[in-house]
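Chain by chain, the residues:
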Amino acid sequence: MGRIVMKFGGTSVADLDRIRAVSRLVETEVRAGHEVAVVVSAMSGETNRLVALVDALDADRIGDEDRHGGAIHDEYDSIVASGEQVTSGLLAIALRRRGIRARSWLGWQIPLRTDKAHSKARIAEIESSAIGPSLSAGNVAVVAGFQGVSDDGRISTLGRGGSDTSAVALAVALKADRCDIYTDVDGIYTTDPRIVPEARRLHRIAFEEMLELASLGAKVLQVRSVELAMNYNLPIRVLTSMADDGQPNPGTLVCHEDETMEERVVSGVAYSRDEAQITLLRLKDKPGMVAKVCKAMSDAGVIVDMIVQGISRSDNAANMTFTVGKRDLETALSALEKAKSDIGFEGIKHDSGVTKVSVVGIGMRSHTGVAQTMFEALAEKGINIEVIATSEIKISVLIDSEYTELAVRALHSAFELHAQTAPRVSAP
Ligand code: ADP
Ligand code: ASP
Ligand code: MG
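Residues numbered from 1 in each chain as written. Chains lettered and ligands numbered in written order. Predicted model: local features only at pLDDT ≥ 70, side-chain atom pairs only at ≥ 80, totals over all residues. Heavy atoms only, no water.

**Let's talk about the site of ligand 2**
For ligand 2, the full set of nearby residues is Ser41, Ala42, Thr47, Glu84, Phe146, Arg160, Gly161, Gly162 and Ser163. Between a nitrogen atom of ligand 2 and a side-chain N or O atom of Glu84, the distance comes to 2.7 Å. One of the backbone N or O atoms of Gly161 is found 2.8 Å from an oxygen atom in ligand 2. Residue classes in the shell around ligand 2 are distributed as two nonpolar, five polar and two charged. (Near = heavy atom within 4 Å. Polar contact = N/O pair within 3.5 Å; in protein donor to acceptor, adjacent residues only side chain to side chain. Nonpolar A, V, L, I, M, F, W, Y, C, P; charged D, E, K, R; others polar.)

Below, the structure is given as structure tokens:
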């Protein structure tokens, strides 16, 4: 017996039959004697539909008019959060119809407090003084994921995929014994199984590796949820909601490195198409230039990711290439145009048809040769590398988006990720 948090994503609550199936999974845990808080996402496709409505109206603005009307992120949140309101109510009804006491909780009712960064708010605090006693009294809490209430009393949302973070944060606040994230795959795979059918489910993965994979594009868990779980040392189990046939459903445990057991150098391959590449042509080659470029970007609120500077030429001018999020490309370009004479460059080129492909593994800390294997595998397929970035446990390359699938598959097989690794022999 214990307290558990179960989270169900969009495909897991896609229609009434799926919601009924979820209610059966919840019932099993309740009948086993657990106190259960469930976090739900909106029905699959619903958040995209709501975002498209907002975008369509937002596009009506003419010229600078938006500056007078103001930003719309607060209203965006109020609209897109509604998807989760529907599923939390529906699941509460489905549970009651199975004879289980349940009620829905919206972000503001808990309250789950966030900062005012609408559309990408961060959780400040979750009060447990109402929901905690309700759970102890034997009620299932069905919590609308993704949403909270900002400190100015408005509805806020936690960024796309944010229900994962709602679940982990709630598990921490409620001192839950387990946090189970149910989704449409039966665990964390060596790469996105939609791209590589031979991808293999990992039994366990270290927080650090999962954090890198998520940051580098594997959208199976929201980055912030992994960060939170790591900071509070709360293991997360990722498992499928699609198998309610009583078969074992072990999923993947995301946990501390010491508990991962599997000996491997590379654990996974991730890719992100949300990238754009900018090249500044004939930038003056003198100290402080890169700093000026980065300052122009940070003043515009744009995060610079990979950076490479071309070899300096005899006339003291060099090209500098860097990447930004695709969504930030326009903002970045106009900020650079404004700062052109101050920074001192001759022209700008940009390309949003690029993908970042990365290999991740904590084994890279102690093994050499990963970069060589990676670059050779890409070269063999004739894939050109535009930019390279490395850290202790990852290597990323920027390539033409056209070759995304080819590159992911080539790397998956170059590191033999389809093959089962032998469990590490633990000390007696
Ligand atoms: P949910 O709606 O349950 O939150 P998501 O669509 O956000 O589910 O995440 C699950 C999807 O993540 C899978 O269907 C899969 O295509 C994708 N994915 C990407 N990388 C991986 C990976 N390494 N392991 C498992 N799934 C992955
Ligand atoms: N419904 C939200 C989204 O689609 C949050 C989530 O699913 O986690 O991004
Ligand atoms: Mg998700």
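**Focus: the side chain of His118**
Tracing the chain through its elements places His118 in the loop between β4 (112-114) and β5 (123-126). You can call His118 buried: its relative accessible area is 11%. In this structure His118 touches His73, Asp74, Asp77, Ser150, Asp152, Arg154, Ile155 and Ser156, once residues within four positions along its chain are discounted. (Helix = DSSP H or I, 4+ residues; strand = E, 2+ residues; numbered from the N terminus. Buried < 20%, exposed > 50% of the residue type's maximum accessible area, 1.4 Å probe, protein only. Contact = heavy atoms within 4.5 Å.)

**Here's the deal with the packing of aromatic side chains**
One pass over the structure, following the stated rule, counts one aromatic pair. For the ring pair Phe8 and Tyr182, a centre distance of 4.7 Å and an interplane angle of 15 degrees mean the geometry is stacked. Taken together, the residues span a long stretch of sequence, with Phe8 in strand β1 (residues 3-8) and Tyr182 in strand β9 (residues 178-183) at a distance of 174 residues. Exposure remark for Phe8: the relative accessible area of 0% places this residue in the buried category. (Phe/Tyr/Trp six-rings, centres within 6.5 Å; stacked < 30°, edge-to-face > 60°.)

**Overview of the site of ligand 1**
Taken together, 16 residues form the shell around ligand 1, and within it Thr183, Asp184, Tyr189, Asp192 and Arg194 come nearest. Contact between ligand 1 and Tyr189: a nitrogen atom at 2.9 Å from a main-chain N or O atom of the residue. In the complex, 84% of the free accessible area of ligand 1, which totals 570 Å², lies under the protein chains. By residue class, the composition of the shell around ligand 1 is six nonpolar, five polar and five charged. (Areas by Shrake-Rupley, 256 points an atom, 1.4 Å probe, with all protein chains shown as cover.)

**A closer look at the environment of Phe146**
In this structure, Phe146 sits in the loop between β6 (140-144) and β7 (147-150). With a relative accessible area of 3%, Phe146 lands in the buried category.

**Focus: the sheet that holds β4**
Ordered by their spatial adjacency, four strands build an open sheet running β5-β4-β7-β8, and the pairing between neighbours is mixed. What marks the edges here is a single partner per strand, and that holds for β5 and β8 (155-157). Along the sheet, successive strands turn relative to each other by an average axial angle of 45 degrees, direction set aside. Helix α7 (residues 163-173) contacts β5 and β7 of the sheet and is inclined by roughly 45 degrees relative to β5. (Pairing = 2+ DSSP bridges. Axes fitted to C-alpha atoms, helices over the stretch in contact; angles between N-to-C directions.)

**Brief notes about the nonpolar core**
In this structure, Met210, Leu221 and Val254 are the most contacted members of the largest nonpolar core, which totals 39 residues. Listed by contribution, the elements that provide at least two residues to this core are β2 (35-40), α6 (131-136), β6, α7, β9, α8 (207-215), α9 (223-231) and β11 (236-240). Other than its neighbours up to four places away in sequence, Val254 contacts Ile188, Ile205, Phe207, Met210, Leu221, Pro235, Ile236 and Val238. (Core = buried A, V, L, I, M, F, W, Y, C linked by side-chain atoms within 4.5 Å.)

**Some remarks on the pattern of salt bridges**
What the rule picks out here adds up to 25 salt bridges. Here Glu29 makes a salt bridge to Arg178, at a shortest N to O gap of 3.2 Å. One end of the pair, Glu29, is in helix α1 (residues 16-31); the other, Arg178, is in strand β9, with 149 residues separating them in the sequence. The exposure class assigned to Glu29 is buried, which follows from its relative accessible area of 13%. Judged by relative accessible area, which is 31%, Arg178 ranks as partly exposed. A salt bridge links Lys356 to Asp305; its shortest N-O distance comes to 2.6 Å. Taken together, the residues span a long stretch of sequence, with Lys356 in strand β16 (residues 347-360) and Asp305 in the loop between α10 (289-299) and β14 (307-309) at a distance of 51 residues. Using a relative accessible area of 7% as the deciding quantity, one classes Lys356 as buried. Note on Asp305: relative accessible area 37%, which makes it partly exposed. Each member of the salt-bridge network shares a partner with another, and the members are Glu27, Arg31 and Arg98. (Salt bridge = Lys/Arg side-chain N within 4 Å of Asp/Glu carboxyl O.)

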